[in-house]
Amino acid sequence: MSSSRSLDAARVGQWVRHVRTERGFTLDVLGQACGLPPSQLSMIENGLREPRVSVLGRIADALGTDIPTLTRSDAPSERAHLELELARLQASPVAERLGIPRLDVRRSVPDDVLRTVVALHGALGQQVREASATQAAGRLAMIALRLEGQAQDNYLEAVEDRAAELMASVERPPGPLTHHTVSRLAEHLGYRLVHADDLPASTRTVTDREHGVIYLPPAATPGAHGLRSLSLQALAHRVLEHREPTDYADFLRQRIEITAFAAACLIPRDTAVPFLRDAKGRRDIALEDLRDAYGVTHEAAAHRFTSLATKFLDIPVHFLRVRRSGAIVKGYENDGIAFPVDTDGGIVGQVVCAKWAARTAFVHRNRSREHYQYTDTPTGTFWCSVQTGTSEDEFSITLGTPFAHARWFRGRETGVRRTSTCPDPTCCRRPEPELVRRWHDSAWPSAKLGEHVLAPLPTGRFPGVDDGEVYRFLESHAQAWD
């Protein structure tokens, strides 16, 4: 029995015991009235057995009440609430990680002792979360997860399999995944999708597990594709059985998994792999074809391609999202290209060579077409396909592969070729000697500092999420579903 189900069973058991004692029934009397042995009733009351609906109905009839009373989401008393809260805390990943011994709560344990233990558990868990949600811990976690993804060719087989199982649960029309099909997938898992104008600013989505509702932001553009991905990511937490993150690394891992899950639903493995194998057979692989066939963004198509290329096509690749300034936003590689790194091995915020296709593509203003380029680097020659775009800032999306594998791609005939000697500073970072002499004693630049350098990572149950705001949001909407 999962921790959430065991807590539900314990809550039902508390209500059965509460109503039974209010009626003045013993276990023997109740057992005779509903036709169940007292030993089975005792296991139900202690949360050791989750009763079937038919059994719960017999107990409710014998007690002169109804099933909704015995399945209420609150606790029947403060003592019962404390017992449930302690059970939840003792089953949490933090308690498991720290190896805290379990306290078996007996009736002889005083309420004030129980209250103190619950408070200590809560305070310790908060300290662990705050200690792990520092800037340094976050950066190191991102580096470790990037290297882990590189080692497994960016292919998460368990996530892929769960996504395939969910997609097989409903019939879907050919072509891109529709919003209607996403809604049916949600219904299959017991959820409804609702758009809310007052979604807390610190959240992407909010899931009301009690009422089976997933709240989404309103579409900025009618038919916006991003809402499909957001919906699927919210469902992924349920499908992948995620628990409350123990630290920032766990939070990031969950984000990677739900993103991979959504991509595996939007571009399913069972159709995408044959599609790409056919294109490889024709030596005509093109991201724009994958993008258009599945109705996703160019970035989503590029990232999804990295998760399938090596596993199913035997093609090593690299992927980059780069700002107009050349700063890396995100990246992945298993093809040997040397990304610029900081002293810890991180790539986010590092500036790529000005001669790489990720930056030379900005010279070409036609965003309707991809920019192709070969680049000679100290670690080899790479062919790249780049698409530029703009949101809050201009950016480029790069998909690249070593020279030997360029033969499988559309655009391999390009005559554009650059040479990069980075990290040699004379390549593109060091100014001409004449400029150094002219301005060395006259210029005093004030460096621009990315706000992520000074801002600590936020703390809370989920990094960046204001719990109070979320709870107030759910409370204001829950009345509609009661």
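Criteria and thresholds
Residues numbered from 1 in each chain as written. Predicted model: local features only at pLDDT ≥ 70, side-chain atom pairs only at ≥ 80, totals over all residues. Heavy atoms only, no water. Buried < 20%, exposed > 50% of the residue type's maximum accessible area, 1.4 Å probe, protein only. Helix = DSSP H or I, 4+ residues; strand = E, 2+ residues; numbered from the N terminus. Arc of directions from axis to C-beta. Contact = heavy atoms within 4.5 Å. Pairing = 2+ DSSP bridges. Axes fitted to C-alpha atoms, helices over the stretch in contact; angles between N-to-C directions. Lys, Arg positive; Asp, Glu negative; His and termini not counted. Salt bridge = Lys/Arg side-chain N within 4 Å of Asp/Glu carboxyl O. Polar contact = N/O pair within 3.5 Å; in protein donor to acceptor, adjacent residues only side chain to side chain. Parallel < 35°, antiparallel > 145°, perpendicular 65-115°, else oblique. Left-handed = near helix turned anticlockwise from the far one by under 90°.

As annotated in an unreviewed UniProt entry, the chain carries the name Transcriptional regulator and is attributed to Curtobacterium pusillum.

Take helix α11 (residues 179-188) next. For α11, the complete set of buried residues consists of Thr181, Val182, Leu185 and Ala186. Projected onto a plane normal to the axis of α11, the buried residues spread over an arc of 145° and lie on a single side. Turned more than 90 degrees off the buried face of α11, the exposed positions are His180 and Glu187. Buried residues along α11 sit in contact with α10 (157-167), β1 (192-195) and α12 (226-239).

All right, on to the sheet that holds β1 then. Pairing is mixed across the open sheet formed by 3 strands, whose spatial order is β1-β3-β2. Edge positions in the sheet fall to β1 and β2 (206-208), since each has one partner strand and no second. The sheet shows a mean angle of 25° between the axes of neighbouring strands, taken without regard to direction. Taken together, the 4 bridges between β1 and strand β3 (residues 213-216) define a ladder with parallel strand orientation. Its bridge partner lying in β3, His195 is registered against Leu216. Its contacts with the sheet place α12 against β1, β2 and β3, and it is angled at close to 145° to β3.

Right, let's get into the side chain of Arg228. Within the secondary structure, Arg228 is located in helix α12. Among buried Asp, Glu, Lys and Arg side chains, Arg228 stands out as unpaired, with Asp292 the closest opposite charge at 11 Å. Polar side-chain contacts of Arg228 include one of 2.6 Å to the backbone oxygen of Gly295.

Next up on the list: the packing of helix α2 (residues 27-34) against helix α4 (residues 53-63). Here α2 crosses α4 at 115°, and the two axes come no closer than 9 Å. Judged by the angle between their axes, α2 and α4 are roughly perpendicular. As α2 runs across α4, the sense of the crossing is right-handed. Every residue of α4 that contacts α2 at Leu30, Ala33 and Cys34 is listed here: Arg58, Ile59, Ala62 and Leu63.

In this chain, Cys422 is followed by Pro423 through a cis amide linkage whose omega measures 20°. Structurally, Pro423 is set in the loop between β9 (417-419) and α18 (433-439). Positive phi, normally seen in glycine, also occurs at Asp153, with a value near 55°. Within the fold, Asp153 resides in the loop between α9 (135-151) and α10. A relative accessible area of 25% places Asp153 in the partly exposed class. Backbone geometry at Asn154 places phi at a positive 60°, although glycine is not the residue there.

Next up on the list: the sheet that holds strand β7 (residues 380-390). Reading across from one edge, β5-β4-β8-β7-β6-β9 is the order of the 6 strands in this open sheet, with mixed pairing throughout. Either end of the sheet is taken by a strand with one partner, and the two such strands are β5 (328-333) and β9. Ignoring which end each strand starts from, the neighbouring axes of this sheet average 25° apart. Pairing geometry for strand β6 (residues 371-377) and β9, over 3 bridges, is parallel. Among the inter-strand pairings, Tyr374 is bridged to a residue of β9, identified as Arg417.

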